[in-house]
Amino acid sequence: MNNKSTKHTKVLILGSGPAGYTAAIYAARAMLKPILVHGSQPGGQLTTTTDVENYPGYSKVIQGPWLMEEMKGQAEAVGTEMIQDHINKVDLLTKPFTVVGDSGQIYTADSIIISTGAQARWLNLRSEQNFRGFGVSACATCDGFFFKDKEVAVVGGGNAAVEEAMFLTKFASKVKLIHRRDKLRAEKMLQEKLKANKKVEIIWDSVVEDVVGTTEPKSVNAIKIKNVKDNTTKELKVDGLFIAIGHDPATSLFKNQLDMDKEGYLITKADSTITNIPGVFAAGDVKDKIFRQAVTAAGMGCMAALEAEKHLSDK
């Protein structure tokens, strides 16, 4: 390990994306000189989305990666120090908090804002990754609008999958819900609503094996599915595929230090970003499994910076 000097900051922000960048903008404007540590692909999940139509302030369609670049530039312009590093160790039980990066750099901080986000679980098919953002999506509320009067498929069997399928019926002419078992895990009330909807067809005991589409222009026109009971395969004509098999919050670093729910999402006080450790705040998808929107993540980033500022001044 190389002996780099310890870097100290009043506010250390872990993770980029709308939550981290907004926290940085507010903390920097409060003259707290924040340090934001991001991984090799800064910007979070928005860097994998192309068209963004629901972020307030833009009447024309904008691109997710561009929006993240702008936020990053804004955070830097007002005085945030950005460092690319991969965090591998965190000690939140002693003050000041200590964080160690792969680079060997040690960071100490009077307060920490965690905005490490979450990743959608994918089927990990090559074709699925190839069409990601071009007909394959993990967010119906983000992309449903682009499938007006088209046929789409949703993969999954939990609450998220059923909610995505229901949401998509507002736009799509037909929604096929594909589930690998013969019954759904979703809440009974949601299941009843889904089954009552004429636009929805449930395809049981089936898994998606391949996504089929064109390269010029890049778009999806079918999926291949396999019945897990009799191994028969068939092709379904669809214009879009939504993966709703869950998300994994990036919280393994904080196990046994911060309170989290059974899925690993950080728990904060109601209407707040305060965790069980004073001076540690959580914002964005790392603690929010309900809304998962850029604008709500940004809002929480603002809250976290303001709460961190209050914590520091109370100290």
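Okay, so let's go over this structure. Predicted, not measured: the structure shown is a model, and the values here were computed from it.

Looking at the overall build of the protein chain
Logical step 1: Across its full length, the protein chain holds seven helices and 19 strands.
Logical step 2: In the protein chain, which comprises 315 residues, the proportion classed as buried is 49%.
Logical step 3: Summarising the internal contacts of the protein chain: among those between residues at least 6 apart in sequence, 60% fall at separations of at least 24.
Logical step 4: A total accessible area of about 15,800 Å² is found for the protein chain, and carbon and sulfur atoms account for 52% of it.

Quick word on the state of the cysteines
Logical step 1: The final tally for this structure, using the stated rule, is one disulfide.
Logical step 2: Here Cys 139 connects covalently by a disulfide to Cys 142, the sulfurs 2.0 Å from one another. A torsion of 75 degrees about the S-S bond marks the disulfide between Cys 139 and Cys 142 as right-handed.
Logical step 3: Its relative accessible area of 17% is what places Cys 139 among the buried residues.

Observations concerning helix H1 (residues 17-29)
Logical step 1: Counted at 1.5 Å a residue, the expected span for H1 with its 13 residues is 18 Å, and the 18 Å between its end C-alpha atoms agrees.
Logical step 2: Residues of H1 that are buried in the fold lie against strand E1 (7-14), strand E2 (35-38), helix H2 (64-77), strand E5 (81-84), strand E8 (106-114) and helix H7 (294-314).

Quick look at the packing of helix H5 (residues 159-168) against helix H6 (residues 188-196)
Logical step 1: Remark: H5 packs on H6, axes separated minimally by 10 Å, with the N-to-C direction vectors making an angle of 35 degrees. Crossing angle aside, the handedness with which H5 passes H6 is left-handed. Where H5 approaches H6, its residues Asn 159, Val 162, Glu 163, Ala 165 and Met 166 are matched on the opposing element by Leu 190, Lys 193 and Leu 194.
Logical step 2: Residues of the contact of H5 with H6, tallied by class, amount to five nonpolar, one polar and two charged.

About the thresholds
Residues numbered from 1 in each chain as written. Predicted model: local features only at pLDDT ≥ 70, side-chain atom pairs only at ≥ 80, totals over all residues. Heavy atoms only, no water. Helix = DSSP H or I, 4+ residues; strand = E, 2+ residues; numbered from the N terminus. Buried < 20%, exposed > 50% of the residue type's maximum accessible area, 1.4 Å probe, protein only. Contact = heavy atoms within 4.5 Å. Areas by Shrake-Rupley, 256 points an atom, 1.4 Å probe, with all protein chains shown as cover. Disulfide = S-S within 2.5 Å. Expected span 1.5 Å × (residues − 1). Axes fitted to C-alpha atoms, helices over the stretch in contact; angles between N-to-C directions. Left-handed = near helix turned anticlockwise from the far one by under 90°. Nonpolar A, V, L, I, M, F, W, Y, C, P; charged D, E, K, R; others polar.

Any functional reading would require information that these geometric values do not contain.
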